[in-house]
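Topology and contacts: notes
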Amino acid sequence: DAGVTQSPTHLIKTRGQHVTLRCSPISGHKSVSWYQQVLGQGPQFIFQYYEKEERGRGNFPDRFSARQFPNYSSELNVNALLLGDSALYLCASSSTWDVGQPQHFGDGTRLSIL
Amino acid sequence: DAKTTQPPSMDCAEGRAANLPCNHSTISGNEYVYWYRQIHSQGPQYIIHGLKNNETNEMASLIITEDRKSSTLILPHATLRDTAVYYCIVSNDYKLSFGAGTTVTVRA
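Description of the structure in this document. (Residues numbered from 1 in each chain as written. Chains lettered and ligands numbered in written order. Predicted model: local features only at pLDDT ≥ 70, side-chain atom pairs only at ≥ 80, totals over all residues. Heavy atoms only, no water.)

Quick word on the interface of chain B and chain A
It is common to give the size of an interface as the accessible area lost on bringing the parts into contact. On the chain A side, the residues contacting the 20 residues of chain B number 22 residues. Regarding the contact of chain B and chain A, the summed buried area is about 1,600 Å², with carbon and sulfur atoms giving 60% of it. Considering only the side of chain B, the residues that lose the most area to chain A are Pro 44, Tyr 94 and Phe 98 of chain B, jointly responsible for 37% of the buried surface there. Those elements that place two or more of their residues in the side of chain B that touches chain A are strand 3 (32-38), strand 4 (45-50) and strand 8 (84-91) of chain B. It is strand 3 of chain B that contributes the most residues to the side of chain B that touches chain A, four residues altogether. Across the side of chain B that touches chain A, the residue classes break down as nine nonpolar, nine polar and two charged. (Contact = heavy atoms within 4.5 Å. Buried area = accessible area lost by both parts, 1.4 Å probe. Helix = DSSP H or I, 4+ residues; strand = E, 2+ residues; numbered from the N terminus. Nonpolar A, V, L, I, M, F, W, Y, C, P; charged D, E, K, R; others polar.)

Quick look at the structure:
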């Protein structure tokens, strides 16, 4: 069975540009979460979506936004890119948003800002 | 903020059991203990989770103390491919708060 897939795998942008990252969850999973992992640190929670609604948001500026589609895939959008946005962006899916359901991660999109 | 304390690093010998400790002294009654690992350049991989009882799956065993203030992840027969950063996380909702984890190096 296919796991969580993310695209693209690598991306280079310049300051001020915007970027869209994509995620396809495991088949049957309705919850998608996004995390940012800066080099040398653990992942930090950005958003969670369940049934196309935002269920949670981490401590990130409004430049970060996301949405979930009817097929449960998701996009993360970042506007006005800053050098500090350089990171590995991870998507995770789970069957529900209930506590006790493990999240399964993709291998991420590595975003580099020049 | 992470609610767990883990040693920053540990070594273990290939073929031997690896016992990874985690302290979560402020855990609340409805918080689960999750373990993930991250191999370089990959996303975190789910290993196991539990609430009160000890758990075992094909990858590992999770031992939770009776007072739930600490736990141990056991990799029964470590291989070189188990070299990774291991994260212990406590959570009662959708958000996983990752700390620095334990860098485990399996040596031949």
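After that view, the rundown keeps rolling.
A few points about the pattern of salt bridges
Residue and element names in this part refer to chain A. Following the criterion strictly, the structure yields nine salt bridges over all chains and no others. Put simply, Arg 57 and Asp 62 hold a salt bridge, and the shortest N to O gap is 3.6 Å. Each member of the salt-bridge network shares a partner with another, and the members are Arg 22, Arg 67 and Glu 75. (Salt bridge = Lys/Arg side-chain N within 4 Å of Asp/Glu carboxyl O.)

What to know about the sheet that holds strand 6 (residues 61-64) of chain B
Read across the open sheet, the four strands follow the order 2-7-6-5 (chain B); overall the sheet is antiparallel. What marks the edges here is a single partner per strand, and that holds for strand 2 (18-23) and strand 5 (55-56) of chain B. (Pairing = 2+ DSSP bridges.)

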